[in-house]
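# Structural overview
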Amino acid sequence: MAVVSWKEILLLTGMVVGCYWNSLSCGFVFDDVSAILDNKDLRPSTSLHNLFLNDFWGTPMAEERSHKSYRPLTVLTFRLNYLFSELSAASYHLLNVVLHAVVCVLFLRVCRLFLDKTSSLVAALLFAVHPIHTEAVTGVVGRAELLSSIFLLAAFLAYTKSTGSDHSIVWAPIALTVVLVAAATLCKEQGITVVGICCIHEVFVAQGFTLPMLLDTLRQVLQGKDGFPYAVLQTLLKLIVLVISTLLLVIIRVQVIQSQLPVFTRFDNPAAVSPTPTRQLTFNYLLPVNAWLLLNPSELCCDWTMGTIPLVESPLDHRNLATLLFYAFLGLLAYHSLRYRHSSAKTVIMALSLIVLPFIPASNLFFPVGFVVAERVLYVPSMGFCVLVAHGFKIVSHKGHLKKISWLMIGVLLTTHAVKTFNRNWDWESEYTLFTSALKVNKNNAKLWNNVGHALENQNNYAKALQYFLQATRVQPDDIGAHMNVGRTYKNLNKSKEAEDAYLVAKSLMPQVIPGKKYATRVAPNHLNVYINLANLIRANESRLEEADQLYRQAISMRPDFKQAYISRGELLLKMNKLTEARDAYLRALELDRTNADLWYNLAIVYIEMKEPSEALKNFNHALELNPRHKLALFNSALLMQESGEPKFWPEANRRFLTYVEEEPDDANGYFNLGMLAMDANENTAAERWMRKAIGLQAGFRSALFNLALLYSQSKREMDALPVLDELLRHHPEHIKGLILKGDILMNHKKDTRGAKVCFERILQMDPTNVQGKHNLCVVYFEERDLPRAERCLEETLSLAPNEEYVRRHLSIVRSKMAAMSAAGQPLTSAEGAATSAKKEKPKRVKEGAEEVAEGEEEGRGAGAVGRGTGDEKNVRKSSAESLGGVGVDQSESLESSQSDKRTKE
């Protein structure tokens with residue numbers, strides 16, 4: 001066997017790089033979004049164990065909505081990409097290009113088993129540049145094909161060494177083959193088909209049998225004339241080992257998917273749900289369609305589902321001629337290769353095995369798959385096609401008068417294919433370019449119209465997206481997902497009535513109740529989101545909350561394992577203040593998925609509303625065990641610990657806030673709460689630094705400005721507090737506590753009675769019943785020695801707060817002073833020297849607690865490629881807190897300012 005030279009490796013690598021270097025500028029498109037961007041299994045925070053429990057898309061294999069595609073080794077390579085470059089698309093595309101080059105080199109090595117040096121290189125070059133491979137190489141999820149092909153070819157090469165020079169069995173290569181077959185299967189399911197290729201090679205190539213020879217041997221054995229030859233027994237033994245190993249892999253694979261096939265809709269594969277003979281005629285017609293794509297890859301499309309290929313509903317359909325011609329040609333090739341022993345026959349039989357066997361799992365002939373045609377599944381079958389083309393080139397080029405023509409044709413073929421591949425890569429640059437290029441090939445696929453709409457929707461171009469979604473409903477009027485997309489887009493355009501009408505149309509297309517039928521087998525999971533989306537829309541109207549709840553319950557009745565319905569219903573029940581039912585909804589969702597950090601987080605919010613902070617903290621901690629960098633759980637658990645008032649929680653709260661600001665460095669709330677914790681711990685320098693950081697990120701941050709001013713005031717830095725208060729009041733002129741604190745500083749430290757009086761009068765203009773502002777204005781009157789006015793002011797204050805003892809006491813002091821001055825014949829509007837008769841009392845400052853703000857966050861992409869409208873609101877407790885000091889006027893009389901004695905919220 002001729003080895004592969006370095007020059008050939010460099011040539012193949014150069015061809016691959018030349019064709020695919022522009023793929024490095026492409027992003028994540030189509031299925032890449034689900035497999036990469038939305039797949040939590042790529043994140044380091046997810047246990048590696050999950051890779052072997054979940055499908056290719058990160059969905060637990062046990063869930064019915066799982067695609068059942070079990071490819072943990074492929075996902076592991078995605079995870080390695082994420083480890084080195086996170087979500088930089090270029091690194092993912094680069095690795096795909098490298099893997100494609102490796103496949104080309106291995107394929108060349110395999111070709112050397114059946115073809116001469118020149119023909120095998122032609123086959124490898126054609127494989128390297130064939131345009132049909134752009135989906136497998138430029139689409140990141142196509143890595144499953146690349147990895148599986150590497151192990152498939154390596155397994156085959158290993159098996160070819162299982163026969164010794166003395167025709168004995170060498171078991172080490174067979175053992176290695178079994179291991180490599182398992183690895184190929186863990187990359188993509190079709191990897192297991194290499195066992196069949198090895199069997200074909202063993203019987204018809206290694207042993208040199210033909211079909212007539214096998215039949216003759218079998219006939220002699222059955223007639224008792226002769227036993228099995230030793231070579232046949234050896235072959236049987238090797239094949240039995242391979243077959244048993246394969247059966248074990250199949251059994252394990254069936255156990256992994258829990259004996260369940262994935263649920264596909266008639267939109268994914270219309271022929272799969274069609275009656276006989278339409279189903280059989282259509283699936284058989286798809287074989288020549290795939291063959292034509294290999295022969296003439298001029299019109300490529302990323303999605304061949306729905307109405308792309310009309311059903312073949314009658315035996316009289318002219319397309320059946322293509323099916324007959326395909327089978328006739330395939331039969332002739334098989335007859336030629338199985339009947340003769342020469343090298344040409346062996347080459348053809350191996351080419352056919354590479355074409356047919358790896359394609360069987362995707363052929364729809366034995367079990368339905370989730371697509372009609374998929375270009376990436378032709379990656380391995382194209383190897384057999386390239387072998388046939390190269391073999392034909394070899395035959396033609398050996399005829400002298402055709403040699404130059406054959407070389408010219410191969411040169412033209414390689415050049416045109418390389419150019420087509422290079423240009424096709426640009427289509428994969430973005431979702432918009434990919435789906436618009438597909439619409440040029442096929443305008444009868446509603447999914448393509450939907451996906452162009454999604455691409456525009458992601459650009460916030462809702463008006464144009466709506467046109468594509470509406471066109472999808474015209475192309476496929478019964479497409480539930482298309483109507484859901486129309487509804488969601490109308491909602492984004494703030495056209496609630498039109499959105500509701502569209503959702504109702506989608507809802508009307510859902511299956512009706514059939515007694516005894518299990519809905520899970522009839523309803524695609526993403527289509528059930530119509531109930532969620534409609535409920536999320538109408539629950540904005542407070543009078544329709546019960547109606548929304550009925551929709552959630554209807555979705556649950558159709559699918560008791562519909563986790564999203566429980567989550568959304570929990571949100572609604574929380575809004576309706578039905579806290580016990582909300583808790584039960586989340587607990588039911590957790591029974592379905594205990595590894596969902598968001599669920600534990602939402603349950604914690606319910607416990608906060610139920611005034612059970614200890615339970616809330618436990619659930620926050622559960623969320624953080626699953627996702628240590630869950631931003632909302634970090635923030636709100638730290639806030640809960642801070643609000644507990646227990647110093648033992650402060651170090652952990654501080655750690656969580658620090659982690660939060662690492663995740664959200666531009667969120668001023670995180671720094672503000674770090675400042676609050678520092679204030680609690682009397683770490684004034686740190687508190688000042690954090691408050692300044694928060695203010696720098698959010699100009700006019702009300703809470704941070706007030707608490708920074710309060711910090712300065714408590715630290716005897718009243719003059720530093722004044723410019724901060726001025727900034728606060730410039731942004732928030734109605735801030736009463738800020739006015740009180742400013743008035744206190746002006747009165748006590750700047751002796752600016754007039755300025756203090758302006759502050760307190762502004763408070764009363766905004767709130768005439770404000771006891772604290774009113775009382776402090778009375779103190780100003782007393783300081784100005786206007787005792788009658790101070791008396792009237794305190795009487796009015798006492799009528800507002802008859803139970804405030806300090807107001808009553810201060811009124812008594814003023815009246816006593818007035819009586820003493822009257823007795824002494826002094827004017828009541830002058831109180832000079834009165835300061836010596838009263839005791840100075842210092843004011844107290846009490847900080848106020850953290851404010852809670854409820855926010856919502858909606859989920860954007862749904863379970864399917866069409867229905868991206870599912871909503872998932874989460875309660876978010878964001879701190880926008882400030883501390884309140886009851887601020888007084890420090891004066892030389894016995895009147896003290898009023899002050900707050902509790903933590904309040906603003």
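Bear in mind that the values here come from a model prediction, so they are computed numbers and not experimental data. (Residues numbered from 1 in each chain as written. Predicted model: local features only at pLDDT ≥ 70, side-chain atom pairs only at ≥ 80, totals over all residues. Heavy atoms only, no water.)

## Details of the overall build of the protein chain
Secondary structure assignment for the protein chain yields 38 helices and two strands. Across the protein chain, contacts joining residues at least 24 apart in sequence account for 67% of those joining residues at least 6 apart. (Helix = DSSP H or I, 4+ residues; strand = E, 2+ residues; numbered from the N terminus. Contact = heavy atoms within 4.5 Å.)

## Things to note about the packing of aromatic side chains
Remark: the centre distance and the inter-plane angle together describe each pair of aromatic rings, the angle taken between the planes. Counted by the stated rule, this structure contains 17 aromatic pairs. Ring centres 5.2 Å apart and planes at 85 degrees place the aromatic pair F30 and F435 in the edge-to-face group. Here F30 is found in the loop between α1 (6-20) and α2 (31-37), whereas its partner F435 is found in helix α17 (residues 431-441), with 405 residues between them in sequence. Residue F30 is classed as buried on the basis of its relative accessible area, which comes to 11%. Given the relative accessible area of 0%, F435 is considered buried. Pairing Y601 with F620 gives two aromatic rings, centres 5.6 Å apart and planes at 45 degrees, and the pair type is tilted. With Y601 in helix α26 (residues 597-609) and F620 in helix α27 (residues 613-626), this residue pair connects regions lying 19 residues apart in the sequence. (Phe/Tyr/Trp six-rings, centres within 6.5 Å; stacked < 30°, edge-to-face > 60°. Buried < 20%, exposed > 50% of the residue type's maximum accessible area, 1.4 Å probe, protein only.)

## Section: a nonpolar patch on the surface
Taken together, the side chains of L233, L236, I240, I244, L248 and I251 present a nonpolar region at the surface, about 530 Å² in accessible area. Note that I251 resides in helix α11 (residues 230-256). (Patch = residues over 30% accessible without salt bridge, like charges linked within 9 Å, V, L, I, M, F, W, Y side chains within 5 Å. Areas by Shrake-Rupley, 256 points an atom, 1.4 Å probe, with all protein chains shown as cover. Salt bridge = Lys/Arg side-chain N within 4 Å of Asp/Glu carboxyl O.)

## Here we look at α27
The terminal C-alpha atoms of α27 lie 20 Å apart, and with 14 residues this matches the ideal 20 Å at 1.5 Å per residue to within 8%. Taken residue by residue, α27 has A616, L617, N619, F620, A623 and L624 as its buried positions. Here the buried residues of α27 occupy an arc of 165 degrees about the axis, which is enough to place them on one side. Where α27 is buried, its residues touch α26, α28 (631-643) and α29 (650-663). (Expected span 1.5 Å × (residues − 1). Arc of directions from axis to C-beta.)

## Topic: the state of the cysteines
Evaluation of the coordinates by the stated rule reveals one disulfide. Here C778 connects covalently by a disulfide to C793, the sulfurs 2.0 Å from one another. Between C778 and C793 the sulfur-sulfur dihedral comes to about -80 degrees; the bridge is accordingly left-handed. Of the two residues, C778 sits in helix α36 (residues 771-783) while C793 sits in helix α37 (residues 787-800), which places them 15 residues apart along the sequence. Residue class for C778 comes out buried when judged on its relative accessible area of 0%. The class for C793 is buried, based on a relative accessible area of 4%. (Disulfide = S-S within 2.5 Å.)

## A word on the confidence of the model for the protein chain
Across the protein chain, pLDDT averages 85, with 88% of residues at or above 70. Mean pLDDT across the elements of the protein chain bottoms out in strand β1 (residues 852-855) (26) and peaks in helix α4 (residues 89-111) (97). Every residue in residues 831-894 is under pLDDT 50, and counting partners more than four places away or in other chains gives 232 contacts. Below pLDDT 50 for its whole length, residues 896-906 participates in 50 contacts with residues either more than four positions away or in separate chains. (pLDDT = per-residue confidence, 0-100.)

## Brief notes about unusual backbone geometry
The peptide bond linking T276 to P277 adopts the cis configuration, its omega dihedral lying at 5 degrees. Within the secondary structure, P277 is located in the loop between α11 and α12 (278-295). The phi angle at F30 is positive, at roughly 55 degrees, despite the residue not being glycine. At R785, a residue that is not glycine, the phi angle is positive and equals roughly 65 degrees. Along the polypeptide, R785 turns up in the loop between α36 and α37.

## Examining the pattern of salt bridges
Oppositely charged side chains can pair when the atoms bearing their charge come close. Summed over the entire model, instances satisfying the criterion amount to 39 salt bridges. Across the pair E8 and R112 runs a salt bridge whose closest N-O atoms are separated by 2.5 Å. Here R112 lies in the loop between α4 and α5 (117-129) and E8 lies in helix α1, a separation of 104 residues in the sequence. No difference in accessibility class separates E8 from R112, as the two residues are buried. Of the charged contacts in the structure, one is a salt bridge between E591 and R588, with a shortest N-O distance of 3.2 Å. In this pair, E591 and R588 both sit in helix α25 (residues 579-592), three residues apart, roughly one turn of the helix. R588 sits in the partly exposed class, given a relative accessible area of 25%. Salt bridges sharing common partners tie together D549, R553, R569 and E581.

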